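# Survey of secondary and tertiary structure
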Amino acid sequence: MITRFVALGDSFTEGLDDEPRSDGRHRGWADRVAEQLPCRQRLESVQYANLAIRGRLTRQVVDEQLPAALALQPDMASIAVGVNDVLRPTFDLDARASDLEYAVRALRAQGARVTVFAFGDPTRRSAVLGSITGRVRSLRSATVAIAQAYGCSLVDFWGVARFDDERLWSPDRLHLSCQGHAVTAQAVLAAWGLGDHSWRSPGSDPQRAGWVRRRGADVAWLRGHA
């Protein structure tokens, strides 16, 4: 049995800041999932395409990546969008939710099993990023509703303490680290019924830096990334 898996989205799905491959691409959680599917589902092989490109907004993913995804006629598809939209000065929730629903409906109409993502509360890691919490919460609610309406698999990071661990994040505090991509791959496989939910549980407690060191790290982050 052969399965076709297509991943759509932005840098989160592209795999930015995961370990590099020999061809210069980042590995990413989607690559990790595709690698594990044959043994998890006893498949002959997996035909896999990662169409995600860093920086893409939801509408760009729909316009640029969805037609290519549909042409590949996937059995399984993932679409993770919205973070770049909520970071913009203006954010139209209804328009972005409509874009996501359009993509999900088109993929489901072809018979693909679709996975969507609800992202976590940024205030748990950063007071600065906390300024967009209302937008992220609203987008999460819309994503959950779309997943329920179309029978999608949902990977929901809201309130998951595991992702409070700084080791799961890159220095920019926005992209996942290698460890973060590995945990996300576990979360996706669990949503597909191919793994357990141990990914939600915090690992060993990281050593917490002192107050002065944390404030210095905040200043460095503001200068280099904010």
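Look a little higher up for the structure.
Here we summarise the structure given alongside this text. (Residues numbered from 1 in each chain as written. Predicted model: local features only at pLDDT ≥ 70, side-chain atom pairs only at ≥ 80, totals over all residues. Heavy atoms only, no water.)

## Overview of the pairing of strand 3 (residues 76-80)
We count it as follows: Exposure classes here rest on a 1.4 Å probe applied to the protein chains alone. A residue is buried below 20% of its type maximum, exposed above 50%, and partly exposed in between. Helical segments are the DSSP runs of H or I of at least four residues, strand segments are the runs of E of at least two, and each set is numbered from the N terminus. Two strands are counted as paired when DSSP detects at least two bridges linking them.
Strand 3 sits mainly inside the fold: five of its five residues count as buried. Residues Met76, Ser78 and Ala80 point to one face of strand 3 and Ala77 and Ile79 to the other, with burial holding for every one of them. In this sheet, strand 3 lies alongside strand 1 (residues 2-9) in parallel orientation, the contact comprising five bridges. Across the sheet, Phe5 pairs through a bridge with Met76, a residue of strand 3. Where strand 3 and strand 4 (residues 113-118) come together, four bridges link them in parallel fashion. Each bridged residue has a counterpart across the sheet, and for Met76 the counterpart in strand 4 is Arg113.

## Regarding helix 3 (residues 58-71)
Put simply, the rule reads: An expected span of 1.5 Å times one less than the residue number is assigned to each helix. Here the bend at each residue means the angle between axes fitted to two seven-residue stretches, the one ending at that residue and the one beginning there. Note on definitions: a residue-residue contact is assigned when non-hydrogen atoms from the two residues lie within 4.5 Å.
In a regular helix each residue adds 1.5 Å, so 14 residues correspond to 20 Å; helix 3 covers 19 Å between its end C-alpha atoms and thus fits that length. The sharpest bend along helix 3 measures roughly 45° and falls at Gln65, with the proline Pro67 sitting one to four residues further on. Regarding helix 3, the residues found buried are Thr58, Val61, Val62, Gln65, Leu66 and Ala69. For helix 3, the secondary structure elements touched by its buried residues are strand 1, strand 3, helix 4 (83-86) and helix 5 (93-109). Directly after helix 3, the chain includes Gln73, whose backbone phi takes a positive value near 50°.

## Quick look at unusual backbone geometry
In this model, Asp17 sits at a positive phi of 75°, which is unusual for a non-glycine residue. Looking at the element boundaries, Asp17 is found in the loop between helix 1 (11-14) and helix 2 (28-41). With a relative accessible area of 33%, Asp17 lands in the partly exposed category. Of note, the phi angle at Gln73 is positive, near 50°, even though the residue is not glycine. Take Gln73: it is sitting in the loop between helix 3 and strand 3.

## As for the pattern of salt bridges
Short version of the rule: Each reported salt bridge corresponds to a side-chain nitrogen of Lys or Arg within 4 Å of a carboxyl oxygen of Asp or Glu.
By the definition in use, this model includes 14 salt bridges. Among the salt bridges present, the one from Arg32 reaches Asp18, with a minimum N-O distance of 3.0 Å. A residue pair is termed long-range when its members are at least 10 positions apart, and Arg32 in helix 2 and Asp18 in the loop between helix 1 and helix 2 qualify at 14 residues. For Arg32, a relative accessible area of 11% corresponds to the buried category. In this structure, the salt-bridge partner of Asp23 is Arg25, at a minimum N-O distance of 3.0 Å. The class for Arg25 is partly exposed, based on a relative accessible area of 40%. The structure contains a network of salt bridges with shared partners spanning Glu19, Arg21, Asp23, Arg25, Arg27, Asp31 and Glu35.

## What about the packing of helix 2 against helix 7 (residues 178-191)?
Filter applied, for reference: Angular values range over 0 to 180 degrees, each being the angle between N-to-C directions of two axes fitted as lines to C-alpha atoms, with helices fitted over their stretch in contact. Here the angle decides the label: under 35 degrees means roughly parallel, over 145 means roughly antiparallel, 65 to 115 means roughly perpendicular, and every other value means oblique. The hand of a helix crossing depends on one turn: near helix anticlockwise from the far one by less than a right angle means left-handed, and clockwise means right-handed. Three classes are used: nonpolar for Ala, Val, Leu, Ile, Met, Phe, Trp, Tyr, Cys and Pro, charged for Asp, Glu, Lys and Arg, and polar for all others, with Gly counted as polar.
Two elements in contact, helix 2 and helix 7, have axes whose closest approach is 8 Å; the angle formed by their N-to-C orientations is 45°. On the basis of the axis angle, helix 2 is oblique to helix 7. Remark: the crossing between helix 2 and helix 7 carries right-handed chirality. Every residue of helix 7 that contacts helix 2 at Gly28, Trp29, Arg32, Val33, Gln36, Leu37 and Arg40 is listed here: Cys178, His181, Ala182, Thr184, Ala185, Val188 and Leu189. Of the residues contributing to the contact of helix 2 with helix 7, the split by class is eight nonpolar, four polar and two charged.

## Comments concerning helix 2
Spanning 14 residues, helix 2 covers 20 Å between terminal C-alpha atoms, matching the ideal 20 Å at 1.5 Å per step. Taking the largest bend as the criterion, helix 2 deviates by roughly 30°, centred on Glu35, and proline Pro38 comes between one and four positions later. The positive-phi residue at the C-terminal boundary of helix 2 is Arg42, with phi of around 55°.

## Here's the deal with the packing of aromatic side chains
Note the threshold: Side-chain rings of Phe, Tyr and Trp, where Trp is taken by its six-membered ring, are said to pair if the distance between their centres is within 6.5 Å; with planes under 30 degrees apart they count as stacked, over 60 as edge-to-face, and otherwise as tilted.
If you walk through the whole model with that rule in mind, you get 13 aromatic pairs. Residues Phe119 and Phe157 carry aromatic rings whose centres are separated by 6.4 Å and whose planes lie at 25° to one another, so their mutual orientation is stacked. Here Phe157 lies in the loop between strand 5 (153-156) and helix 7 and Phe119 lies in the loop between strand 4 and helix 6 (133-150), a separation of 38 residues in the sequence. On the basis of relative accessible area, Phe119 is assigned to the buried category, the value being 15%. Where Phe163 meets Trp199, the ring centres are 6.4 Å apart and the plane angle is 70°; that geometry is what we call edge-to-face.

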